[in-house]
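Structure at a glance
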Amino acid sequence: MGSILIQSGFAAAMISMILYLLASTGKEKYLKYGRLFFHLSVAATIASAAYLVYLIISHQFQYTYVWNYSSKSLPVNLLVSTFYAGQEGSFHLWAFFMAVIGVFLLQFLLKRDKSGLPNSQNSGSGKYEPIVMFTFTLIQAFLLFILVLKSPYLYVWESFPKDAAIGFIPEDGRGLNPLLQNFWMTIHPPILFAGFSALAVPFCFAIAALVKNRYSEWMKLALPWTLFAGMILGLGIMLGGYWAYGVLGWGGYWAWDPVENSSLVPWIVIVAAIHTMLAEEKTSGFKKSSLILCIMAFVMVLYSTFLTRSGILGDSSVHSFVDPGQEVYLFLVIFLLLFTLSGIGLIFFRMKSLKTPKTESTDVLSRESALFTGAVVLSAAALVIAVGTSWPIISKGTVDAAFYNKMNLPLAIFIGIINGLSILLAWKHSEEKRFMKSIILPAVLAVAGTIILAVFAVRDVLIAVFVASSLFSLFINSRIAYKIFINNKTKAGAYLAHIGVMLLFLGIIGSSKYSEEVNVSLPLNQPKEALGYTMTYKGSTPFKDMGEEKYHFNVVVEKDGKGFLLQPVMYYSEYSEGILKNPDIANLITKDVYLSPMALEEPKAYSQDDIVTIHKGEEKEVKGMKVKFIDFDRSKFNQESMQEGKDNIMGAELEITSGYEKEKITAEQKISQGETENIPVKLKSNDRYTFYLSNVTVSGETSIELGIVDDQAIKDPEAPEMLVLTASTKPFINLVWGGTVVMVLGFFFSLYSRYKKFDYGKKDSSKIIYNNSHKKNGHHKVQSEKQLK
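Residues numbered from 1 in each chain as written. Predicted model: local features only at pLDDT ≥ 70, side-chain atom pairs only at ≥ 80, totals over all residues. Heavy atoms only, no water.

1. Some points on the environment of Ile268
Structurally, the position occupied by Ile268 is in helix α11 (residues 258-283). Taking the relative accessible area as the measure of exposure, Ile268 reaches 9% and is therefore buried. C-alpha separation for the pair Ile268 and Ala297, spaced 29 residues apart in sequence, amounts to 8.2 Å. In this structure, Ile268 is in contact with Leu378, Ala382 and Ile385, ignoring residues within four places of it in sequence. (Helix = DSSP H or I, 4+ residues; strand = E, 2+ residues; numbered from the N terminus. Buried < 20%, exposed > 50% of the residue type's maximum accessible area, 1.4 Å probe, protein only. Contact = heavy atoms within 4.5 Å.)

See the structure below:
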């Protein structure tokens, strides 16, 4: 049933695409059929998504995808999130959001084409719907065809014909990767893919404008969708950073990983597009820039998809998926090349039409000049990140994080300065004296703030300039946002978004450049000083989570008579076959205290001085005894079962001569899931000594390392267990998260304001056309200047 739904959705999308193409040539009768088949494709895509969720929730482990990523122990929210845990599911999630956004897009276009906006015509060729929906449906068809090639509905016996008989149903699934078993798994990927899907809309409008060679209206139609895409994708990216910060334990939120970068680049490009589109709206210029940026934003989404899903970054990114197979790999290449070459080709084809008349020169001291300069700087940052991200393809090596930091720091400084200046500039022309006067106060405040910070912490010159540029923009935007916010909250959206970005910049400076980090060994119940805090390890507490036994390692952190408990986690994961670690964080007002566990060192029963190496057949005198290694005892050892992860025991037969007594014993070492446990053994005739098989060497010269402990010689109490962890402080990291929230709110207010403006504009234009029609029939109606506005 699932495969039929996917195939039906693909077929309907292809038919809809063809019908929309015919409608774009003026054959309007095909429009209603194009819409019908588009809705059929949407219905099939959503039904397939619902069916896959049903299979997951009902534990239908006969399906390879369900078996591979889900299990009975997962709670409902994580069980649902396994929908997009693998290649097939993530493509399906993308197709799902494309279907949902497509429904709203179609309604948006229908209202627009029926509203009577200027420059629209009644014929199919005059409407935006045919070309926009043709392009959008083509993208959807590509995604659905990938699901046809790489279906999430294969049975286990189809995926593993040699290992599974037809009709075989596993009792349980493999489960979800422990690193993904987190609340943010249910939120971050859907938001990110909603952003990717939303970026397709301005791309489709740009293609439609180029095909129709009409540029007076596309920007007004595309801008609300561009703002929505920027808001959603930006939120998704930062949620991913917050997830990494709270779960992975390396102490940061952005590692410049190629897959992380591949989502950041489209966002930077679409933010640049928003600014050139605003300049185009006010001045009728910058059409070429806006079109190129809208096209390149979606092209970079496709490029990131290729990098992430093709397996090409498998050795250089922790997020990359495995090789999807040759068919899907080639199709991803075609997917990328088709839309890239189509978009760029149309730009070149319409180059003459897009030229700005020479009479419309742009004043340097104007807001549109500053916006364009800012877009250029943003594009440069995107290019730097894209080159670094692509470096594994170019030279088989990876680019260090220092490259991104070094290259982007000057660009970030420029962004802060240009953003502040652009707010103070007027459209088309600014009076020089008034402009210079308006700069003085925010510049003085920025310099003063930077000097204060330099006294306490900031020593690096470039960082100081970065702080100054961020404060400069922050003060300017805050002053204007406050004035506007009092009268009309939604009109302050752009300034709020800028404030959020500058707060984000300041948070990045504080939390990364001035973070302190130290490795600490904490003996049980023994306080130690680190980073100005007293830390005391109070032992571990076991707990059950997702069917696995985990341990909280309780650390009391104290300073100035106040304290708090942090509980980093370590546990052995059956899924990963290794030790996994999760940090714990104390969120204070001005900083975070971040504890990431490294290891638990338990006291050993013997010291290095107690170990002796004995070769097979050799006899050594140790602590008044003669110890002879006779041979290995493999009666409890099996190589195949050990490879399967089962417990095994390796033994060493020993002959001990103590005084006149000669005795044979077997010292044993238990091997369990990659860990070893030394089993103590004593002589029957003399219980003073305890023997431990510490190490075994079977290649080359066969030998053992034997720990022999004189129990009577141990007078000191047993050494306590020791928790080894990395402790760090993250100054002003709350500005990173708070800045993100403010930025997203700014996007939202801007989007809402744009929606209202579009709605009112639609009503006003209807009035104008109504009045014009009366004039043509001799019924003259005079409109006031206020009505026309």
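2. Topic: the sheet that holds strand β17 (residues 689-697)
Across the sheet, 4 strands lie side by side as β10-β18-β17-β16; this open sheet has antiparallel pairing. Every other strand in the sheet has two partners, leaving β10 (611-615) and β16 (681-682) as the edge strands with one partner each. In terms of strand pairing, β10 meets strand β18 (residues 703-710) through 5 bridges, oriented antiparallel. Along β18, the bridge assignment pairs Val612 with Leu706. (Pairing = 2+ DSSP bridges.)

3. Things to note about helix α2 (residues 31-57)
With 27 residues, α2 extends 39 Å between its outermost C-alpha atoms, agreeing within 8% with the 39 Å of an ideal straight helix rising 1.5 Å per residue. Following α2 by one or two positions, His59 adopts a phi angle in the positive range, close to 55°. (Expected span 1.5 Å × (residues − 1).)

4. A word on the sheet that holds strand β12 (residues 625-633)
Taken together, the 5 strands give an open sheet; going across it, the order is β11-β12-β13-β14-β15, and neighbouring strands pair in antiparallel fashion. The open sheet has two edge strands, β11 (619-622) and β15 (675-679), and neither has a second partner. Neighbour-to-neighbour, the strand axes of this sheet turn through a mean angle of 30°, independent of strand direction. Of the strand pairs in this sheet, strand β13 (residues 648-658) and strand β14 (residues 661-672) are connected by 11 bridges, and their pairing is antiparallel. Counterpart to Asn648 in the pairing with β14 is Ile671. (Axes fitted to C-alpha atoms, helices over the stretch in contact; angles between N-to-C directions.)

5. Brief notes about the nonpolar core
One recurring pattern in soluble globular proteins is that nonpolar side chains are buried together. Phe205 and Trp218 are the most contacted members of the largest nonpolar core, which has 167 residues in total. If you tally residues by element for this core, the top one is helix α10 (residues 218-247), at 15 residues. Trp218 has contacts with Tyr128, Pro202, Phe205, Ala206, Ala209, Met277, Glu280, Ser290, Leu291 and Cys294, leaving out every residue within four places of it along the chain. Formed by 23 residues, the second largest nonpolar core is a distinct cluster that contains Phe632, Met650, Ala667 and Leu693. (Core = buried A, V, L, I, M, F, W, Y, C linked by side-chain atoms within 4.5 Å.)

6. Regarding empty space enclosed by the protein
Tallying each qualifying case throughout the model produces 2 cavities of 30 Å³ or more. Computed from the structure, the second largest cavity encloses a volume of approximately 30 Å³. Taken together, Ser262, Met300, Tyr303, Ser304, Leu307, Ala386 and Thr389 make up the lining of the second largest cavity. Looking at the lining of the second largest cavity, the elements that each hand over two or more residues are α12 (287-309) and α14 (367-395). In terms of residues, the lining of the second largest cavity owes the most to one element, α12, which gives 4 residues. A breakdown of the residues in the lining of the second largest cavity according to their chemical character gives 4 nonpolar, 3 polar and no charged. (1 Å grid on protein atoms, 1.4 Å probe; cavity = no way out; pocket = protein on both sides within 12 Å on 5 of 7 lines; lining within 4 Å. Points joined across faces, edges and corners; volume = space filled by probe spheres on them. Nonpolar A, V, L, I, M, F, W, Y, C, P; charged D, E, K, R; others polar.)

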